[in-house]
Amino acid sequence: MVAIIDYDAGNLKSVQKAFQRLGEEAAITRNSREILAADRIVLPGVGSFGAAMCQLKKYELDRVIQEAIAQKTPFLGICLGLQLLFEGSEENGGAEGLGILRGRILKIPDAPGLKIPHIGWNSLALQNDGRLFAGVDGQPYVYFVHSYYLKAADTQIVKAVARYGVDIHASVEHENLFACQFHPEKSSTAGLKLLENFLKINHER
């Protein structure tokens with residue numbers, strides 16, 4: 001069973017439906033026991049970094065996330081869910097993240113011809129043999145909605161990069177931890193393949 005963490009950050013139903021389309025049971029929950037007992041965990045999310053961190057702490061889900069990752073449950077962050085895993089963000093005048101991975105979330109800089117937020121389809125340049133991208137074509141198109149982007153401290157964890165005025169670290173992997181800035185649940189065939197690959201990741205508990 002996939003536990004989809006509910007911290008009032010939106011975009012939960014579309015993630016649930018994508019897993020159900022793949023034949024996988026997926027529950028939207030903030031129950032710590034249910035989350036920690038799940039075979040896989042997803043942290044989705046859209047919205048403000050600072051407000052999202054407040055919600056995670058309000059429901060004590062920050063502790064649950066740390067525990068789940070420590071017990072080696074396969075874990076997937078999506079969009080804001082990727083950003084929250086890192087040390088902090090420029091958004092909201094500067095906000096502290098979960099600090100599970102090293103790196104910062106930065107504002108996409110203004111540039112001629114670029115609209116912010118970055119909304120729509122963009123291609124990925126794959127690198128470093130990401131397990132989520134097994135069987136995916138070299139430059140898949142995926143769907144983004146964001147104004148801030150990841151700059152990871154360790155480029156070896158970066159498995160896909162997108163270009164939108166700057167190089168966006170669009171997908172990372174570290175041990176049992178996976179994250180995408182884009183929305184695989186909204187990214188057609190390529191996105192479903194990524195979720196299918198996530199379901200195949202071995203649970204090392």
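Residues numbered from 1 in each chain as written. Predicted model: local features only at pLDDT ≥ 70, side-chain atom pairs only at ≥ 80, totals over all residues. Heavy atoms only, no water.

## Brief notes about the overall build of the chain
Then, number 1: When helices and strands are counted, the chain shows six helices and 14 strands.
Then, number 2: With the C-alpha coordinates aligned to their principal axes, the bounding extent of the chain is approximately 50 × 40 × 30 Å.
Then, number 3: Counting all 205 residues of the chain, 54% fall into the buried class.
Then, number 4: The positive charge centre, built from 22 side chains, and the negative charge centre, built from 23, are 3 Å apart in the chain. (Helix = DSSP H or I, 4+ residues; strand = E, 2+ residues; numbered from the N terminus. Buried < 20%, exposed > 50% of the residue type's maximum accessible area, 1.4 Å probe, protein only. Lys, Arg positive; Asp, Glu negative; His and termini not counted. Charge placed at Lys NZ, Arg CZ, Asp CG, Glu CD.)

## Quick look at the nonpolar core
Then, number 1: Counting residues in hydrophobic clusters, the biggest one holds 39 residues, and the most contacted among them are Ile 5, Tyr 7, Leu 56, Phe 75, Leu 84, Phe 86 and Val 172.
Then, number 2: Looking at this core element by element, the count peaks at five residues for helix α4 (residues 61–70).
Then, number 3: Here Phe 86 is in contact with Gly 97, Leu 98, Gly 99, Leu 101, Arg 102, Gly 103, Ile 105, Leu 150, Ala 152, Ile 157 and Val 172, once residues within four sequence places are set aside.
Then, number 4: Core analysis: the second largest hydrophobic core is formed by 35 residues, Val 42, Leu 132, Phe 133 and Ala 160 among them. (Core = buried A, V, L, I, M, F, W, Y, C linked by side-chain atoms within 4.5 Å. Contact = heavy atoms within 4.5 Å.)

## Things to note about the sheet that holds strand β13 (residues 166–174)
Then, number 1: The sheet built from eight strands is open, its strands ordered β2-β1-β3-β4-β14-β13-β12-β9 with mixed pairing. Two strands lie at the open edges of the sheet, namely β2 (26–29) and β9 (125–126), each paired on one side alone.
Then, number 2: With three bridges joining them, strand β3 (residues 40–43) and strand β4 (residues 75–78) adopt parallel strand pairing. Counted as the bridge partner of Val 42 is Leu 76 from β4. (Pairing = 2+ DSSP bridges.)

## Regarding the pattern of salt bridges
Then, number 1: By the definition in use, this model includes seven salt bridges.
Then, number 2: When the shortest N-O distance is used, the salt bridge between Arg 30 and Asp 8 registers 2.9 Å. One end of the pair, Arg 30, is in the loop between β2 and α2 (32–37); the other, Asp 8, is in the loop between β1 (2–5) and α1 (12–21), with 22 residues separating them in the sequence.
Then, number 3: Relative accessible area serves as the criterion here: at 31%, Arg 30 is assigned to the partly exposed category.
Then, number 4: With a shortest N-O distance of 3.7 Å, Arg 131 and Glu 173 are connected by a salt bridge. With a gap of 42 residues between them, Arg 131 in the loop between β9 and β10 (141–146) and Glu 173 in strand β13 connect regions that are remote in the sequence.
Then, number 5: Relative accessible area serves as the criterion here: at 38%, Arg 131 is assigned to the partly exposed category. (Salt bridge = Lys/Arg side-chain N within 4 Å of Asp/Glu carboxyl O.)

## Some details on the pairing of strand β11 (residues 148–152)
Then, number 1: Buried residues dominate β11, accounting for four of its five residues.
Then, number 2: Bridge count between strand β7 (residues 103–107) and β11: five bridges; the pairing is antiparallel. Paired with Arg 104 across the bridge in β11 is Lys 151.

## What about the pairing of β1?
Then, number 1: Of the two faces of β1, the one lined by Val 2 and Ile 4 and the one lined by Ala 3 and Ile 5 are each fully buried.
Then, number 2: Sheet topology places β1 next to β2; four bridges connect them, and they run parallel. Residue pairing for β2: Ile 5 is matched across the bridge by Thr 29.
Then, number 3: One crossover worth recording links β1 to the parallel β2 by way of α1, and it is right-handed.
Then, number 4: Relative to β3, β1 is paired through three bridges, and the arrangement is parallel. The partner of Ala 3 across the bridge, within β3, is Ile 41. (Right-handed = clockwise from strand over helix to strand, strands pointing away.)

## Considering the sheet that holds strand β5 (residues 88–89)
Then, number 1: Spatially, four strands are ordered β6-β5-β7-β11 in an open sheet, and the strand pairing comes out mixed. Edge strands, defined here as strands with exactly one partner in the open sheet, are β6 (95–96) and β11.

## What to know about α1
An α-helical turn contains 3.6 residues, so a residue and the one three or four places further along point in the same direction.
Then, number 1: Residues Leu 12, Val 15, Gln 16, Ala 18 and Phe 19 constitute the buried set of α1. Looking down the long axis of α1, one finds its buried residues gathered within 160° of arc, a one-sided arrangement. Turned more than 90 degrees off the buried face of α1, the exposed positions are Lys 13, Lys 17 and Arg 21.
Then, number 2: Residues of α1 that are buried in the fold lie against β1, β2, β3, β4 and α6 (188–199). (Arc of directions from axis to C-beta.)

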